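# Architecture at a glance
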Amino acid sequence: MGKSNRCKAKKQSYISVPSQIITSLSSSSLQSLLLSPKKAHLNSSFFVGHNYSCRRPRVCLSALFLFVLVGLLRLGWNVNTLVLCSQSFGSNTGKVGERDHQVLVTSQLQSPRPLHLESEFWKQPDGMGYRPCLELSAKYRKASEAILNGRSKYLLVVVSGGMNQQRNQIVDAVVIARILGAALVVPVLQVNIIWGDESEFSDIFDLGHFKRVLADDVRILSSLPSTHVMTRPVEEKRTPLHVSPQWIRSRYLKRINKEGVLLLRGLDSRLSKDLPPDLQKLRCKVAFQALRFAPPILELGNKLARRMQSKGPYLALHLRIEKDVWVRTGCLPGLSKEYDEIVHNERRRHPEFLTAKSNLSYHERKLAGLCPLNAFEVTRLLKALGAPRSARIYWAGGQPLGGKEALSPLTREFPHFYNKEGLALPGELEPFANKASFMAAIDYIVSEKSDVFMASHGGNMGHAIQGQRAYAGHKKYITPNKRHMLPYFVNSSLPEAEFNRIIKELHQESLGQPELRSSKAGRDVTKYPVPECMCKRNKTT
């Protein structure tokens, strides 16, 4: 015979497969093909070795169908999607968000996302040439000599709250010491009544580094000198919010000059966010350069970050969906009536936990953008912004109300989902057990080193990382535009493609681009370091 009658497979760019054929396959068959794809031999030996011939139509059709599947795999078609869909439709989703889950499953049946859209998600914003810029004025430098040589005034501070809240207060403590021309005794970390963490400053932060970085700005002492140990400090408990340097001097300078020691507590938001340029630069210097984590924390945090980086870019999520967050914000998790009742009961027992705007109903708070995003909302937002299913996600935060059930929309859509407990090897986290500040610091490190970061609801950690990423060159930081996007989440008639287009449009300017602090009074320079702490430099300089 001149030509063999054996079938020859032809490569195709696009292949359409009837859904009836796809659904007839079992999940295990699809999984085995996905996990162990073997290159198809396109020569006749494939058929000869298996005694297949085109003279047997049924056998030939079966072989052709296998080639179609292999072709789909080679084209990057997501067979896992089919498996997930068949499992989702075949199982009971339970009490939580059944309609929401079906929306996710339906969206997964769409065509695979083009590679250029997946890579677009990891694209970094234009930093517009801004770089750290902390040059201090001649007046500031001249005053430093007298301040650093002074031996008569000492400032003691006690900082409270969680680790990130304490960071903010330490920053302001350094600035207040500079305003008063006093030496700063290493801040005391108040034992947290919620977590019972008794860590000291040097347990969390690198004290030697802290002193060295600030050596030209403020004297930092580990303890009061013996000449002042018996001095009874002047204690101030009622510092108003957002006071100016002039207020600090008029209120405290005479007293600290007379007594020698001043004790301040509860510095959270006590110092104004709008300070003279030199003091704003000092704030940035403390936040972005001086406050480095202690070596053991830094070592483990960097190790976990490298594990996340080992297989490409990753996204860090700060999920604020713990019970105390729902209680304090006056919001509901949207899981079930059972969990809503848990939040309501806790709020009734402790009405003081509810923070600000208590006159608003839950729905009013939600539409005003005052509530954390739940896992389903985070999932839809990430998908709309182009996050690929293969994205590796590190999630920071405490245990969510509802446990794994609360996270299921995320884990189902993004299976590569990790936290510090999942990344750490046996025994690595043991030295930090029951130390909330240590754990928060590790979350901070891994999140800050991510390619993309997003917080589900503001907070001290989110704000600190936003500033840190800006200072590092404006690494991508997604700020959910909750107030404007949530009405589209509840519009079930909106096609998925249109929903995605709208969400992308709403977030065009919320991806970590440079944003001037001076455009809005009262913003924290450690969150918006442009223009006081960052400037554009000529390439030649």
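Residues numbered from 1 in each chain as written. Predicted model: local features only at pLDDT ≥ 70, side-chain atom pairs only at ≥ 80, totals over all residues. Heavy atoms only, no water.

### Considerations on the environment of A424
Formally: Secondary structure elements follow DSSP: runs of H or I no shorter than four residues count as helices, runs of E no shorter than two count as strands, and numbering proceeds from the N terminus. Contacts are assigned to residue pairs that have any heavy atoms within 4.5 Å of one another.
Looking at the element boundaries, A424 is found in the loop between α20 (420-423) and α21 (436-448). Setting aside residues up to four positions removed in sequence, A424 forms contacts with L304, R307 and L429.

### What to know about the packing of aromatic side chains
Our working definition: Between the rings of Phe, Tyr and Trp (Trp by its six-membered ring), a pair exists once the centres lie within 6.5 Å; its type follows the angle of the planes, with under 30 degrees stacked, over 60 edge-to-face, and the other angles tilted. Exposure is judged per residue with a 1.4 Å probe applied to protein chains only, and the accessible area is read against the type maximum: over 50% gives exposed, under 20% gives buried, and values in between give partly exposed. When the NZ atom of lysine or the CZ atom of arginine is within 6 Å of a ring's centre and also within 35 degrees of its normal, the charge is said to sit over that ring.
Summed over all chains, the structure comprises 11 aromatic pairs. Pairing F432 with F438 gives two aromatic rings, centres 5.3 Å apart and planes at 40 degrees, and the pair type is tilted. F438 matches F432 in its accessibility class, with the two residues each being buried. Each member of the aromatic cluster is reached from another via a ring pair, and the members are F201, F205, F210, F293 and Y444. Across the ring face of F499, the terminal group of R380 is positioned such that the distance to the ring centre comes to 3.9 Å. The lysine or arginine in question, K476, covers the ring of F121, its NZ or CZ lying 4.9 Å from the ring centre.

### Looking at the pairing of strand β2 (residues 154-159)
Counted only if it meets this: Strands pair, by our definition, only if DSSP identifies at least two bridges between them.
Taken across its 6 residues, β2 has 6 buried, putting it largely inside the fold. Going residue by residue along β2, you find Y154, L156 and V158 tucked away on one face and L155, V157 and V159 tucked away on the opposite face as well. In the sheet, β2 pairs with strand β3 (residues 183-185) via 2 bridges, with the strands oriented parallel. Bridge pairing links Y154 to A183 in β3. Bridge analysis of β2 against strand β7 (residues 261-265) gives 5 bridges, and the strand direction is parallel. Within the sheet, the bridge partner assigned to L155 lies in β7 and is L262. Sheet topology places β2 next to strand β4 (residues 188-189); 2 bridges connect them, and they run parallel. Residue pairing for β4: V158 is matched across the bridge by V188.

### Let's talk about the nonpolar core
Definition in use: Among buried residues, the Ala, Val, Leu, Ile, Met, Phe, Trp, Tyr and Cys ones that are joined through side-chain atoms within 4.5 Å form a nonpolar core. An automatic or database domain assignment is the source of the domain bounds shown.
Counting residues in each nonpolar core, the largest one holds 81 residues, and the members touching the most others are L155, L184, F210, F293 and I297. Among the elements that make up this core, the one with the highest residue count is helix α9 (residues 163-180) (10 residues). The residue makeup of this core includes at least three contributed by each of domain 1 (138-290) and domain 2 (295-536). By size, the runner-up hydrophobic cluster in this structure holds 41 residues, among which are L410, F414, V452 and L494.

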